[in-house]
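Listed here are the chains, written in short residue letters.
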Amino acid sequence: VTTPFPLKLQEMLIATQAEGMEDIVSWQPHGRCFIVHKPKEFIELLPRFFKLSKLASFQRQLNLYGFQRLTRGRDRGGYYHELFLRDR
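What comes next is a walk through the structure.

Rules used throughout
Residues numbered from 1 in each chain as written. Predicted model: local features only at pLDDT ≥ 70, side-chain atom pairs only at ≥ 80, totals over all residues. Heavy atoms only, no water. Buried < 20%, exposed > 50% of the residue type's maximum accessible area, 1.4 Å probe, protein only. Helix = DSSP H or I, 4+ residues; strand = E, 2+ residues; numbered from the N terminus. Pairing = 2+ DSSP bridges. Arc of directions from axis to C-beta. Contact = heavy atoms within 4.5 Å. Polar contact = N/O pair within 3.5 Å; in protein donor to acceptor, adjacent residues only side chain to side chain. Core = buried A, V, L, I, M, F, W, Y, C linked by side-chain atoms within 4.5 Å. Axes fitted to C-alpha atoms, helices over the stretch in contact; angles between N-to-C directions. Parallel < 35°, antiparallel > 145°, perpendicular 65-115°, else oblique. Left-handed = near helix turned anticlockwise from the far one by under 90°. Nonpolar A, V, L, I, M, F, W, Y, C, P; charged D, E, K, R; others polar.

With that out of the way, let us pick up the pairing of strand β2 (residues 33-36). Across the two faces of β2 the burial is the same, with Cys33 and Ile35 and Phe34 and Val36 all buried. Inspection of the sheet shows strand β1 (residues 25-27) paired to β2 by three bridges, in the antiparallel sense. Considered in β2, the bridge of tryptophan 27 is made with phenylalanine 34. Taking the residues that link successive antiparallel strands as the turn, the β1-β2 hairpin has five residues, and the phi of glycine 31 there is positive, at about 80 degrees.

Structural data, given as C-alpha cells:
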C-alpha cells in the first residue's frame, strides 16, 4: 500500500522540523502553508521521502493535489492548500 502524497509531505515537514532542517523547507509560522527556502538542498532531501528526484516532479505532484503557489504577500513562494494544515 502506497502512502498518499499529502501524508508523505506532512511526514517530511515533521521530520525536517525535528531534525533542524527548517532552513531548507518549513511551515510558515501560521501553519497554513510551507516554503522551500533552499531548492538545491531540498532536491537532495526529496528521494528520502518521495520517489522523486527533481523539483519539477515535486511541483507537479503539488499541482495534481490542488496546492497553489503563493505569489504575493509575506508567504510569497509558499505552497498552500486549504485542507493541508500544520498539526492536522
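The next subject is helix α2 (residues 39-49). Residues spaced three or four apart along an α-helix point in a common direction, a consequence of the helix completing one turn every 3.6 residues. Inspection of α2 places Phe42, Leu45, Leu46 and Phe49 among the buried residues, and these make up the whole buried set. For α2, the angular spread of buried residues about the axis comes to 125 degrees, placing them on one side. Counted as exposed and oriented over 90 degrees from the buried face of α2: Lys40 and Glu44. Where α2 is buried, its residues meet α1 (5-18), β1, β2 and α3 (55-64).

Moving on to the side chain of histidine 81. One can find histidine 81 in the segment after β4 (78-80). Polar contacts involving the side chain of histidine 81 include one to the main-chain carbonyl oxygen of tyrosine 65, which spans 3.4 Å. Look past the residues within four positions of histidine 81 in its chain and what remains in contact with it is Arg32, Tyr65, Gly66 and Phe67.

Ranked by internal contacts, the top residues of the largest apolar core, which has 22 residues, are Leu9, Phe34, Phe50 and Phe58. For this core, the secondary-structure elements that each account for two or more residues are α1, β1, β2, α2 and α3. When residues of this core are assigned to their parent elements, the largest contribution, five residues, is made by α1. Setting aside chain neighbours within four positions, we find phenylalanine 34 in contact with Leu9, Leu13, Val25, Ser26, Trp27, Gln28, Phe58, Leu62, Phe67, Gly78, Tyr79 and Phe84.

In contact at an axis separation of 11 Å, α1 and α2 are set at 120 degrees when each is read in the N-to-C sense. Judged by the inter-axis angle, α1 sits oblique to α2. Every pair of crossing elements has a handedness; the one defined by α1 and α2 is right-handed. On the side of α1, the interface is formed by Lys8, Glu11, Met12, Ala15 and Thr16, while α2 contributes Phe42, Leu45, Arg48 and Phe49. Here the contact of α1 with α2 is built from residues that sort into five nonpolar, one polar and three charged.

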